[in-house]
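As a plain string of letters, each chain reads:
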Amino acid sequence: MQLPVRSRLLLLLLLLLRASGLRAGERSSSAMEEIATEKEAEESHRQDSVSLLTFILLLTLTILTIWLFKHRRVRFLHETGLAMIYGLIVGVILRYGSPSSSGHDKPFSCSQEDRPFTTLLVNVSGKFFEYTLKGEISPGKIHNVEQNDMLRKVTFDPEVFFNILLPPIIFHAGYSLKKRHFFRNLGSILAYAFLGTAVSCFIIGNLMYGVVKLMKLVGQLSDKFYYTDCLLFGAVISATDPVTVLAIFNELHADVDLYALLFGESVLNDAVAIVLSSSIVAYQPTGENTHAFDATAFFKSVGVFLGIFSGSFMMGAVTGVVTALVTKFTKLHCFPLLETALFFLMSWSTFLLAEACGFTGVVAVLFCGIAQAHYTYNNLSVESRSRSKQLFEVLHFLAENFIFSYMGLALFTFQKHIFSPIFIIGAFIAIFLGRAAHIYPLSFFLNLGRRHKINWNFQHMMMFSGLRGAMAFALAIRDTATYSHQMMFSTTLLIVFFTVWIIGGGTTPMLSWLNIRVGVDPDQDPPPSNDSFQVLQGDGPDSERGNRTKQESAWLFRLWYSFDHNYLKPILTHSGPPLTTTLPSCCGLLARCLTTPQVYDNQEQLREEDSDFILNDGDLTLTYGDTTITANGSSGSCTAPTSLDGRKTKSSSEEALEHDLGMGDNEVTSRGTRLVFPLEDNA
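Residues numbered from 1 in each chain as written. Predicted model: local features only at pLDDT ≥ 70, side-chain atom pairs only at ≥ 80, totals over all residues. Heavy atoms only, no water.

An unreviewed UniProt entry annotates the protein as Sodium/hydrogen exchanger originating from Gopherus evgoodei.

> Outline the packing of helix 13 (residues 382-413) against helix 16 (residues 470-477), listing residues and values.
Packing of helix 13 against helix 16 leaves a shortest axis separation of 10 Å and a crossing angle of 55 degrees. Classified by the interaxial angle, the pair formed by helix 13 and helix 16 is oblique. For helix 13 against helix 16, the interelement crossing comes out left-handed. Residues Ile 403, Phe 404, Tyr 406 and Met 407 of helix 13 pack against Ala 470, Phe 473 and Ile 477 of helix 16. Its residues assigned to classes, the contact of helix 13 with helix 16 shows 7 nonpolar, no polar and no charged. (Axes fitted to C-alpha atoms, helices over the stretch in contact; angles between N-to-C directions. Helix = DSSP H or I, 4+ residues; strand = E, 2+ residues; numbered from the N terminus. Parallel < 35°, antiparallel > 145°, perpendicular 65-115°, else oblique. Left-handed = near helix turned anticlockwise from the far one by under 90°. Contact = heavy atoms within 4.5 Å. Nonpolar A, V, L, I, M, F, W, Y, C, P; charged D, E, K, R; others polar.)

> Break down the environment of Phe 359 for me, citing the residues and quoting the values.
Along the chain, Phe 359 turns up in the loop between helix 11 (336-356) and helix 12 (361-379). Take Phe 359: its relative accessible area is 28%, and that puts it in the partly exposed class. A sequence separation of 50 residues divides Phe 359 from Phe 309, and the C-alpha atoms of the two residues are 7.5 Å apart. Not counting residues up to four positions away in its chain, the partners in contact with Phe 359 are Gly 307, Ile 308, Gly 311, Ser 312, Met 315 and Ala 354. (Buried < 20%, exposed > 50% of the residue type's maximum accessible area, 1.4 Å probe, protein only.)

> So what's going on with a nonpolar patch on the surface? Residues and values would help.
Where nonpolar side chains cluster on the molecular surface, the patch consists of Phe 117, Leu 120, Val 124, Phe 129 and Tyr 131 and spans about 440 Å² of accessible area. Of all the secondary-structure elements, those providing two or more residues to the nonpolar patch are strand 1 (119-124) and strand 2 (127-132). Relative to the helices and strands, Val 124 is located in strand 1. (Patch = residues over 30% accessible without salt bridge, like charges linked within 9 Å, V, L, I, M, F, W, Y side chains within 5 Å. Areas by Shrake-Rupley, 256 points an atom, 1.4 Å probe, with all protein chains shown as cover. Salt bridge = Lys/Arg side-chain N within 4 Å of Asp/Glu carboxyl O.)

> Lay out the pattern of salt bridges with the relevant residues and their values.
Under the definition given, this model contains 5 salt bridges. Across the salt bridge formed by Glu 265 and Arg 435, the nearest N and O atoms sit 2.9 Å from each other. Residue Glu 265 is located in helix 9 (residues 256-281), and its partner Arg 435 is located in helix 14 (residues 421-447); the two are separated by 170 residues in the primary sequence. There is no split in this pair, since Glu 265 and Arg 435 are both buried. Of the charged contacts, one joins Glu 355 and Arg 478 as a salt bridge, the two residues approaching to 3.6 Å between their closest N and O atoms. Pair noted here: Glu 355 is in helix 11 and Arg 478 is in the loop between helix 16 and helix 17 (483-505), with a separation of 123 residues, a long-range link. Among the ionic contacts, a cluster of salt bridges with common partners joins Glu 159, Glu 355 and Arg 478.

The following block contains the structure:
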């Protein structure tokens, strides 16, 4: 039966209207989705701003409270402990005071795949969405995933700590190094940093393995915890950071040698701990049991340790040398802003370059800072020297307090905490025993060869000052993918809290109880009456024997600094004697090319304010054979004066060299500029 023409037209019109309605509905639905997406993006941007504002307000509040504490001379709590307290308060507010967002998490099964993908593309109604891997979630916590978007925002990627916050802290440690007292105690510092850290790591690791076995015996271990994990925890927690103690030492002007021992150990100890942890991670035995002892894998890990450390050291030193050459042979000093910017970028890029090449950026940027302070600093303009020093000091302060604030925040915002009372108590006992086995036996053996003994009070103070801080936290948070690493991170966080608050707060009473000198001039040598030292004195044969002892102990430093002062400093900086007077005559062309006019023009050589042992004086007269050389390039023959008894007396250059080597007074004053060259090694 055929419909009338009018009915067919009406039906066709209805179909057209329905089709247009569907298309309009689709367009409306698409528009609504776009609006919702824009709102989500705007909300995410707002939450990002709030999270960053939270940390800025934390730092601002910390700075104001620090001013109040300094004004009131309060020393029972350091600024880092204060930052942690504020972080804890904000963490509690965010955890229990901010509402949770509506959950949209839905698990999908991908049983056909045998490994997770870093990036995943999901097809939702014909539209593809990209998702990135954040980490593994245990089956028991699949329904307890954090739904609070704000807590997710304030949880930073661990790489932020390593690539952004750690470099200025480590570089500042090397750049502001008090070299005079550091190198006077270099042997002891190296022993504590390298041998002591290794001893501490293995003692803590083995003790914690026993604790893990105990946890398994009493049924407190719910997942795998291998021996290598215990060693890794030993390496992580062996990274000391006595920032609180050192700040109090600096404020009270405590004994300079004790300060140098603690500061030097902490600086190198961080570098050793991170390389040691990398070596333990690289330990991969062959065979079915990948966690059993294998001699080949062990020696391979030792080779990895030596290779990473030496490679990182060379990379940092080379970057410092390259920066020194660039600042010397260009006229960047005419543009202080560009000079400071280049100095900053070259220093920071050292860390990233080392990490990109498979080395350790901490070691590289540390030695880059030392090289920059020794060479590049002399080439900078006066304005750039002031800018660079203040810039890295401010960055160090902000980065360090940011990390400690985040520690307090992370106690409540981190989603994968695993607290085990047995493991925590065992960790505290293991750290105490590891620190004791680190300090006391090494001090005993070091005192056998030291003239300035490390007395018992110093050893007790060093034992007490083994705080854990930013480096241990950064190493622990870098990998929290497994059950064992999550437990290690939670325990490390509690250890940092305890050591910063309790041990840091007890530093001043401990100094008083141990009768350690305070109010000491950093350029003053220890008095003979101090029990901490044995000062060689006397006249006649005894004095000569003392001088010979100093000469014998300083020969290595004498060779290095003689080579550095005569060749490296003139090549890399505008300081030191002209190369035309120190290099052989056959190298005259090369010497003239590498010697800048500033070497001849500067009557007063550039001097590093914080590097007392560097010879920078332009008016220092040195003797090379029968020729007397001054920094302005003039030379002439000289003959040592003779005394009335026929013996040759020492020339001024010989006396200056003896003073520099510690065989006379510690300082030589030439036109108002202090020259200190303490080459004697106490270890």
